[in-house]
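The primary structure of each chain is shown beneath.
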Amino acid sequence: MWPFIRASTTNAAFFRSGLIPRWLSVWGLAGAAAYLAAGLLVMYGFEALSTPQVVLEAPLGLQEIALALWLILKGFDPQLAAPAIPDRGTGAEHTSSPSGAPA
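Rules behind the numbers
Residue indices follow the written sequence of each chain, beginning from 1 at its first position. Reporting of local features is limited, given that this is a predicted model, to residues whose pLDDT is at least 70; pairs of side-chain atoms are given and counted only at 80 or more, and all residues count toward the totals for whole chains, interfaces and linings. Each side-chain value is worked out from all heavy atoms of the structure, with water and hydrogens disregarded. Working definition: helices are DSSP H or I runs of at least four residues, strands are E runs of at least two. Numbering for both runs from the N terminus. What a helix is expected to span follows from its residue count: subtract one and scale by 1.5 Å. One axis fitted to the seven residues ending at a residue, another fitted to the seven starting there: the angle between these axes is the bend at that residue. The buried label applies to any residue whose accessible area, calculated with a 1.4 Å probe on protein chains only, is under 20% of its type's maximum; exposed applies above 50%, and partly exposed to all values in between. The contact criterion used is simple: two residues touch if any of their non-hydrogen atoms lie within 4.5 Å. Axes, fitted as lines to C-alpha atoms, cover a helix only where it is in contact. Angles between the N-to-C directions of the axes lie from 0 to 180 degrees. Angular relationships are summarised with four words: roughly parallel below 35 degrees, roughly antiparallel beyond 145, roughly perpendicular across 65 to 115, and oblique for the angles in between. It is the rotation of the near helix from the far one that decides the hand of a crossing: anticlockwise by less than a right angle makes it left-handed, clockwise makes it right-handed. Classification convention: Asp, Glu, Lys, Arg as charged; Ala, Val, Leu, Ile, Met, Phe, Trp, Tyr, Cys, Pro as nonpolar; all other residues, Gly among them, as polar. When a carboxyl oxygen of Asp or Glu is within 4 Å of a side-chain nitrogen of Lys or Arg, the pair counts as a salt bridge.

## A few points about helix α3 (residues 51-73)
Between its first and last C-alpha, α3 extends 33 Å over 23 residues, near the 33 Å set by a 1.5 Å rise per residue. The axis of α3 is deflected most strongly, by about 35°, at A58, and proline P59 appears within four residues downstream. Listed as buried for α3 are Q53, L60, Q63, A66 and L67. The secondary structure elements touched by the buried residues of α3 are α1 (2-17) and α2 (22-43).

What follows is the structure, encoded as structure tokens:
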């Protein structure tokens, strides 16, 4: 049950924030739902590690590998990851660069 809760909340946050491509977070949400279905099937009579359970859990595992590769190779969207910092002198907002210096 915990992997479903973790995967669904993480991918919902990624979907809302737009830090990663939406298709990747939708894949994670669908994989989390399939993971929950696999857990329920095992609770109600399917044998653990049976073919249906593994088939239902595979999409989430593959999505987590794809997410890790995406973050290693591309990272977050820099425009969305940088917080807006108000400029004290003019009242305008600017975003900071990854090094912390104003852009």
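Back to the write-up after that little detour.
## Quick word on the packing of α1 against α2
Put simply, α1 and α2 touch, their axes get as near as 8 Å, and they point 160° apart. Taken as axis vectors, α1 and α2 run roughly antiparallel relative to one another. In the packing of α1 onto α2, the handedness of the crossing is left-handed. For the pair formed by α1 and α2, the contact residues are P3, F4, A7, S8, N11, A12, F14, F15 and R16 on the first element and R22, L24, S25, V26, G28, L29, A32, A33, Y35 and L36 on the second. Tallied by class, the residues present in the contact of α1 with α2 amount to 13 nonpolar, four polar and two charged.

## Thoughts on the pattern of salt bridges
Within the structure shown, the criterion is met by one salt bridge. Of the charged contacts, one joins R6 and E64 as a salt bridge, the two residues approaching to 2.8 Å between their closest N and O atoms. Placement of R6 in helix α1 and of E64 in helix α3 is noted, with a sequence separation of 58 residues between them. For R6, a relative accessible area of 42% puts it in the partly exposed group.

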